[in-house]
Amino acid sequence: MSQQPILVFDSGIGGLTVLREARVLMPERRFIYVADDAGFPYGNWGEAELTQRILSLFAELIARFRPALCVIACNTAATLVLEPLRSAFADTPFVGTVPAIKPAAERTRSGLVSVLATPGTVRRAYTRDLIESFASRCHVRLVGSENLAGMAERYIRGEKISRDAIQAEIMPCFVEKLGRKTDIVVLACTHYPFLANLFRSLAPWPVDWLDPAEAIARRALSLVTTGPLVSHAPDLAIFTSNDPDFAIKRLMSGFGLTPEQMRH
Ligand code: DGL
């Protein structure tokens, strides 16, 4: 079982923020990173089309790699396809990143919490249900950003991103109500932790930026067996475009991932 890899999936590079935590907790495991960059960004996809796309991708990936576990390191995907994936591939365990609304509601002191996500995640019934079930006593502001995931992709490629443009995306997260202020912003897109330092420096007041990556990695760890550290086949990075640019290839090699074709 510990020979089987763990598959980490996102629409782009965002899932690397989860992969790095998973590696810390499971150093002996082999990882396959899959970015559906041919479908990026997921934020504005229709729900039926996106579900179908991800289900067929996983049919191929599961048949090819027989993963011990799949981590859907994408809130936009997980809030939609986690259940369909679990029923379609009942023998494979799935863990998903979904907005960390419950921990935010437990931690907030002001009662004002914001959820920064893609427009898709903000629209999901799954997200509304989380708020209703766990944060009904808080004021939750949902902020669906059209641009931030793309900005994170460009930032990580070394392109210059305007600070004003980033600030404009995060400002709706900051709410003042009856003398109280937002004190927690949930990073509900795995791309956003790459921009967290910029967010901190641009925030009108300090808040806790909640990144669930470590919690997701811990959940993943609880579902697999661990074993001794032995050498294994290299960790792979698959881009569904089969055509990542130089900057992305360099990023992958920095993460110790070997490029691999989606289809041979
Ligand atoms: N990283 C993805 C998420 O966690 C979204 C990126 C996108 O495709 O827009 O929601």
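Analysis parameters
Residues numbered from 1 in each chain as written. Predicted model: local features only at pLDDT ≥ 70, side-chain atom pairs only at ≥ 80, totals over all residues. Heavy atoms only, no water. Pairing = 2+ DSSP bridges. Helix = DSSP H or I, 4+ residues; strand = E, 2+ residues; numbered from the N terminus. Axes fitted to C-alpha atoms, helices over the stretch in contact; angles between N-to-C directions. Salt bridge = Lys/Arg side-chain N within 4 Å of Asp/Glu carboxyl O. Buried < 20%, exposed > 50% of the residue type's maximum accessible area, 1.4 Å probe, protein only.

Attention now goes to the sheet that holds strand 5 (residues 112-117). With respect to topology, four strands assemble into an open sheet ordered 6-5-9-10, the strand pairing being parallel. The open sheet is flanked by strand 6 (139-144) and strand 10 (208-210), the only strands paired with a single partner. When strand polarity is set aside, the average angle formed by the axes of neighbouring strands in this sheet is 20°. Inspection of the sheet shows strand 9 (residues 184-187) paired to strand 10 by three bridges, in the parallel sense. Bridged to Val185 within strand 10 is Trp209.

Here we take up the pattern of salt bridges. For the coordinates displayed, the defined rule picks out eleven salt bridges. Measuring nitrogen to oxygen at the nearest pair gives 2.7 Å for the salt bridge that ties Arg263 to Glu60. With Arg263 in the segment after strand 12 (258-260) and Glu60 in helix 2 (residues 47-65), this pair connects stretches of sequence that are 203 residues apart. Note that Arg157 and Glu153 form a salt bridge whose closest N and O atoms lie 3.0 Å from each other. For Glu153, a relative accessible area of 8% puts it in the buried group.

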